[in-house]
Amino acid sequence: RRRARSGARDGVAVDSVVKRKAELQTESTGSRARVILNIIAAIISLSGLAIAIYLLVIGMTNATAACAGAAGCIKVLGSSYAKIAGIPVAFLGAWGYFAAFCFAIFAAFGYKRAPGLLALTVGLMFAITLWLLYVQAFVLHAFCRYCLFSAAFTFLLSGLVVAGWPARSDESME
């Protein structure tokens, strides 16, 4: 009788160990995918930061952007919409991309609040990008190539945030 009971318990114990091992493997795969998504988001954020800094330098020095003589680019960058309350939009973009880069790196290292802050930052960037695209298309009737690249980077970041959401709290560090 003792052996029969212990055999039954051993069978349950083996089943629970197998289930737990399968759960850990699934969590590890999901966690690895999230780390990869966050690293890609960090790289895209750096690319967007480079464009934003370039546009900021162009705006601060009153130089002409290297748009291959495209009149639309000059019209957009020289418009009153290029500044909000005297602050260049490119400065806001640089801060947004820098924040997205930092939060993506923190999320890749498993910090608990980073995915939510990344989602909030990218969501705000997405909303501002939609507004700026509207202004270019329907108010100014001109497009800036660099602004469109920045918009593409923001849309890519948005897709990555959606693909990696929601992050599981038990996989994260404090």
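Rules used in this analysis
- Residues numbered from 1 in each chain as written.
- Predicted model: local features only at pLDDT ≥ 70, side-chain atom pairs only at ≥ 80, totals over all residues.
- Heavy atoms only, no water.
- Helix = DSSP H or I, 4+ residues; strand = E, 2+ residues; numbered from the N terminus.
- Buried < 20%, exposed > 50% of the residue type's maximum accessible area, 1.4 Å probe, protein only.
- Contact = heavy atoms within 4.5 Å.
- Areas by Shrake-Rupley, 256 points an atom, 1.4 Å probe, with all protein chains shown as cover.
- Patch = residues over 30% accessible without salt bridge, like charges linked within 9 Å, V, L, I, M, F, W, Y side chains within 5 Å.
- Salt bridge = Lys/Arg side-chain N within 4 Å of Asp/Glu carboxyl O.
- Core = buried A, V, L, I, M, F, W, Y, C linked by side-chain atoms within 4.5 Å.
- Expected span 1.5 Å × (residues − 1).
- Axes fitted to C-alpha atoms, helices over the stretch in contact; angles between N-to-C directions.
- Parallel < 35°, antiparallel > 145°, perpendicular 65-115°, else oblique.
- Left-handed = near helix turned anticlockwise from the far one by under 90°.

### Quick word on the overall build of the chain
The secondary structure content of the chain amounts to 5 helices and 2 strands. Ordered by position from N to C terminus, the α and β elements of the chain give α-α-β-β-α-α-α. Relative to its full complement of 174 residues, the chain shows a buried share of 32%. In the chain, of all internal contacts separated by at least 6 residues, the share reaching a separation of at least 24 is 76%. As displayed, the chain offers around 11,100 Å² of accessible surface, 68% of which is attributable to carbon and sulfur atoms.

### Description of a nonpolar patch on the surface
On the surface, a nonpolar cluster with roughly 560 Å² of combined accessible area is contributed by Ile84, Ile87, Phe91, Leu92, Trp95 and Phe98. It is helix α3 (residues 89–108) that provides the largest number of residues to the nonpolar patch, a total of 4 residues. Mapped onto the secondary structure, Leu92 falls in helix α3. For Leu92, a relative accessible area of 38% corresponds to the partly exposed category.

### Details of the nonpolar core
Ranked by size, the top nonpolar core spans 33 residues in total, and within it Cys73, Tyr97, Leu118, Tyr146 and Leu157 carry the most contacts. Elements with a minimum of two residues in this core: α1 (2–61), α2 (71–77), α3, α4 (114–140) and α5 (145–164). A total of 9 residues in this core trace back to one element, the largest contributor, which is α1. Every residue in contact with Tyr146, bar those within four places of it in the chain, is listed here: Ile51, Tyr54, Leu55, Ala65, Ala66, Cys67 and Cys73.

### Looking at the side chain of Asn38
Within the secondary structure, Asn38 sits in helix α1. Judged by its relative accessible area of 12%, Asn38 falls in the buried class. Residues in contact with Asn38, not counting those within four places in the same chain, are Ala104, Ala107, Ala108 and Leu118.

### Focus: α3
A rise of 1.5 Å per residue sets the reference length of α3, with its 20 residues, at 28 Å; its end C-alpha atoms lie 28 Å apart and thus fit the reference within 8%. Those residues of α3 that sit buried are Val89, Ala90, Ala94, Gly96, Tyr97, Ala100, Phe103, Ala104, Ala107 and Ala108. Two residues or fewer after α3 comes Gly110, characterised by a positive phi angle close to 90°.

### Remarks on the side chain of Gln136
Mapped onto the elements, Gln136 comes out in helix α4. For Gln136, a relative accessible area of 4% puts it in the buried group. Residues contacting Gln136, with those up to four places away along its chain left out, are Val76, His141, Ala142, Phe143, Cys144 and Cys147.

### Notes on α5
An α-helix turns once per 3.6 residues; consequently, residues spaced three or four apart project the same way. Taking 1.5 Å as the rise per residue, α5 with 20 residues should run 28 Å; its terminal C-alpha atoms sit 29 Å apart, in good agreement. Along α5, the residues that are buried comprise Tyr146, Cys147, Ser150, Ala151, Phe153, Thr154, Leu157, Ser158, Leu160, Val161 and Gly164.

### Thoughts on the packing of α3 against α4
Contact geometry for α3 and α4: axes closest at 9 Å, N-to-C directions at 155°. As summarised for this structure, α3 and α4 are arranged roughly antiparallel, according to the angle between their axes. Crossing angle aside, the handedness with which α3 passes α4 is left-handed. Residues Val89, Gly96, Tyr97, Ala99, Ala100, Phe103, Ala104, Phe106 and Ala107 of α3 pack against Ala114, Pro115, Leu117, Leu118, Thr121, Val122, Met125 and Leu132 of α4.

Note that every value here comes from positions in space, so none of it alone points to a role or purpose.
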